[in-house]
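# Remarks on the overall topology
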Amino acid sequence: MLRSPAIKLSLRTFIFTSIFFYSGRKMISLLNVFFVFFAVVFSFYLLFVFIYPFKQEFKRKEKYDPFISVIIPCKGTSEEFTNFLKSLRKQNYKKIEFIFALANSKDQAIKEINRIMKGAKYRIVISKYVAGTSEKNQNILSALDKIIKITEVIVFLDSDGILDGNYIYSLCEPLQDERYMVSSTYRKYEAKSIGGLIIKYWNLFSLTMKNSLFGKFVWTGGLAFRKRDAEKLEI
């Protein structure tokens, strides 16, 4: 599923750099050699990290309906935040509680949360100060202390995206397979400028590292894991 954009990006990188090389043929030859070398190496890297780690399918159960606690660190209000809350209300899976974690009890986000999430199962947690960590992380840590007993899966979400109706369940669904301990996604950035286009392709480059030969990582802006696994590992 992800190989096609990676191949497109690698080809675009090679073409762009080759054009740069051709248009700058009057420049010193050493610089030309560097750009061609970069195009070849980077293009093959993107192809390699996507083609080699083939996509694995998880084993599905006839029924998988865990209770999910979704932790959302947030601060302030914006149009993006309002649209995000509205997309939460449209989630098709209903065995969910939303935990909004904030550092300040007077944060304007609280009013917006109460307005849009009225009727949904949600809580607001005001975080405690945790030395040596960021405000976002202390919000998450404080919310983790409030997880209820019936919770089976814990999800971390950033508060500035727009989710489709099956987003949360799709993120958690692979966890029905005991071979997998975490499930993670990555943001899809909608570019509206040249700067935005650079960010979009940088995000795709970062995505290649989530499951490559050189290492693996998860993104806390869209992350799911089983509560019992976290307890077992004493996280």
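The notes below deal with the structure included here. Counting starts from 1 at the beginning of each chain's written sequence and moves along it residue by residue. With pLDDT at 70 or above as the cut-off, local features in this predicted model cover only qualifying residues; side-chain atom pairs require 80 or more to be listed or tallied, and sums for whole chains, interfaces and linings still use all residues. Computation of side-chain values covers all heavy atoms of the structure but excludes hydrogens and water.

Before going further, it helps to examine the pattern of salt bridges. We count a salt bridge whenever a side-chain nitrogen from Lys or Arg sits within 4 Å of a carboxyl oxygen from Asp or Glu. Throughout the structure, instances matching the rule amount to 11 salt bridges. Salt-bridge contacts for glutamate 97 lead to arginine 123; the nearest nitrogen and oxygen are separated by 2.9 Å. Of this pair, glutamate 97 sits in strand 2 (residues 96–102) while arginine 123 sits in strand 3 (residues 122–126); the two residues are 26 residues apart in sequence, bridging distant segments of the chain. Each residue is assigned to one of three classes by its accessible area relative to the maximum for its type, calculated with a 1.4 Å probe on protein chains only: buried under 20%, partly exposed between the two thresholds, exposed over 50%. Judged by its relative accessible area of 2%, glutamate 97 falls in the buried class. With a closest N to O distance of 2.8 Å, aspartate 177 and arginine 179 form a salt bridge. Residue aspartate 177 is classed as buried on the basis of its relative accessible area of 4%. Where helices and strands are cited, they refer to DSSP runs of H or I of at least four residues and of E of at least two residues respectively, numbered from the N terminus.

What follows covers the packing of aromatic side chains. Two aromatic rings, drawn from Phe, Tyr or Trp (for Trp, its six-membered ring), form a pair once their centres lie within 6.5 Å of each other, and the interplanar angle then sorts them: stacked below 30 degrees, edge-to-face above 60, tilted otherwise. A complete count under the given rule lists three aromatic pairs for this structure. On the basis of an interplanar angle of 80° and a centroid distance of 5.5 Å, the ring pair of phenylalanine 156 and phenylalanine 225 is categorised as edge-to-face. On the criterion of sequence distance, the pair formed by phenylalanine 156 in strand 4 (residues 153–157) and phenylalanine 225 in strand 8 (residues 222–226) is long-range, its members being 69 residues apart. Exposure class is identical for phenylalanine 156 and phenylalanine 225. Each is buried.

Moving on, we get to the nonpolar core. We define the nonpolar core as a collection of buried residues of types Ala, Val, Leu, Ile, Met, Phe, Trp, Tyr and Cys that are connected through side-chain atoms lying within 4.5 Å of one another. Core analysis: the biggest nonpolar cluster contains 29 residues, and Leu88, Phe100, Leu157 and Ile168 have the highest contact counts within it. For this core, the secondary structure elements donating two or more residues are strand 1 (68–73), helix 3 (79–89), strand 2, helix 4 (109–116), strand 4 and helix 6 (167–172). With residues near it in sequence (within four places) discarded, leucine 157 still touches Val70, Ile71, Ile72, Pro73, Phe84, Leu88, Leu163, Tyr167, Ile168, Thr220, Gly221 and Gly222. In this structure, Ile71, Ala101, Ala143 and Ile154 belong to the second largest nonpolar core, which totals 12 residues. For this analysis, residues touch if any pair of their heavy atoms sits within 4.5 Å.

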